[in-house]
Amino acid sequence: MPRQPWFKFYAHDWLSNIELQSCSSAARGMFIDAMCLMHQSARRGFIQLGDKPMSVEQIARLTHRSTEDARDQLGELCSSTAICRDESGCYHSPRMVRDDEQAAEGRKNASKRWDGDPLGKPLGKPKATPN
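Reading the values: rules and limits
Residues numbered from 1 in each chain as written. Predicted model: local features only at pLDDT ≥ 70, side-chain atom pairs only at ≥ 80, totals over all residues. Heavy atoms only, no water. Phe/Tyr/Trp six-rings, centres within 6.5 Å; stacked < 30°, edge-to-face > 60°. Buried < 20%, exposed > 50% of the residue type's maximum accessible area, 1.4 Å probe, protein only. Lys NZ or Arg CZ within 6 Å of the ring centre and 35° of its normal. Helix = DSSP H or I, 4+ residues; strand = E, 2+ residues; numbered from the N terminus. Expected span 1.5 Å × (residues − 1). Salt bridge = Lys/Arg side-chain N within 4 Å of Asp/Glu carboxyl O. 1 Å grid on protein atoms, 1.4 Å probe; cavity = no way out; pocket = protein on both sides within 12 Å on 5 of 7 lines; lining within 4 Å. Points joined across faces, edges and corners; volume = space filled by probe spheres on them. Nonpolar A, V, L, I, M, F, W, Y, C, P; charged D, E, K, R; others polar.

With that settled, consider the packing of aromatic side chains. Considering all chains together, one arrives at 2 aromatic pairs under this definition. Geometrically, the ring pair formed by Phe 9 and Trp 14 is tilted, given 5.8 Å between the ring centres and 50 degrees between the ring planes. For Trp 14, a relative accessible area of 19% puts it in the buried group. Arg 43 extends its terminal NZ or CZ atom over the ring of Phe 46, reaching a point 3.6 Å from the ring centre.

Take helix 3 (residues 25-40) next. Compared with an ideal rise of 1.5 Å per residue, which puts 16 residues at 22 Å, helix 3 spans 23 Å between its outermost C-alpha atoms and is within 8% of the ideal. Ala 27, Met 30, Phe 31, Ala 34, Met 35, Leu 37, Met 38 and His 39 are the residues of helix 3 that are buried.

Enumeration according to the criterion identifies 5 salt bridges in this entry. Two residues, Arg 65 and Asp 33, come together in a salt bridge whose shortest N-O distance is 2.7 Å. Linking Arg 65 in the loop between helix 4 (56-62) and helix 5 (67-79) with Asp 33 in helix 3, this pair joins segments that are 32 residues apart in sequence. Residue classification places Asp 33 among the partly exposed positions, given a relative accessible area of 28%. A salt bridge links Asp 99 to Arg 95; the nearest nitrogen and oxygen atoms lie 3.1 Å apart.

The next subject is the layout of surface pockets. In this structure, the largest pocket encloses a volume near 830 Å³. Listed by contribution, the elements that provide at least two residues to the lining of the largest pocket are helix 1 (11-16), helix 2 (18-21), helix 3 and helix 6 (94-113). With 9 residues, the top contributor of residues to the lining of the largest pocket is helix 6. Tallied by class, the residues present in the lining of the largest pocket amount to 15 nonpolar, 7 polar and 9 charged.

In this fold, Glu 19 is placed in helix 2. Between the alpha carbons of Glu 19 and Ala 82 there is a distance of 7.6 Å; along the sequence they are 63 residues apart.

Have a look at this one:
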């Protein structure tokens with residue numbers, strides 16, 4: 001399925017997440033930039049280049065920050081649990097990964113329920129219309 005040009009952003013979740021809101025404004029700006037990188041990644045929800053985690057230096061260049069600022073801001077976000085690092089060192093958003101998995105499951109279930117028609121319309125010949 002082609003990548004969507006957008007991703008869901010819940011303003012209420014953003015404003016009500018105490019851990020994230022306790023971060024500096026620079027770290028919250030990094031969070032939005034990181035979310036965009038995660039959305040564009042081949043592995044949605046992870047900051048990767050191909051199949052390898054991006055380095056802090058690469059993330060810094062892509063988000064127009066110094067390496068030191070990027071390292072500090074990513075560390076602050078990890079401390080707040082807004083993003084995490086896996087065992088390979090790849091930064092990711094547990095929320096984005098979970099949302100993507102749920103969406104894929106929903107698409108799979110919808111195709112089972114409606115014989116492949118996501119709108120749920122009965123399949124078959126269209127009714128003739130009077131002239």
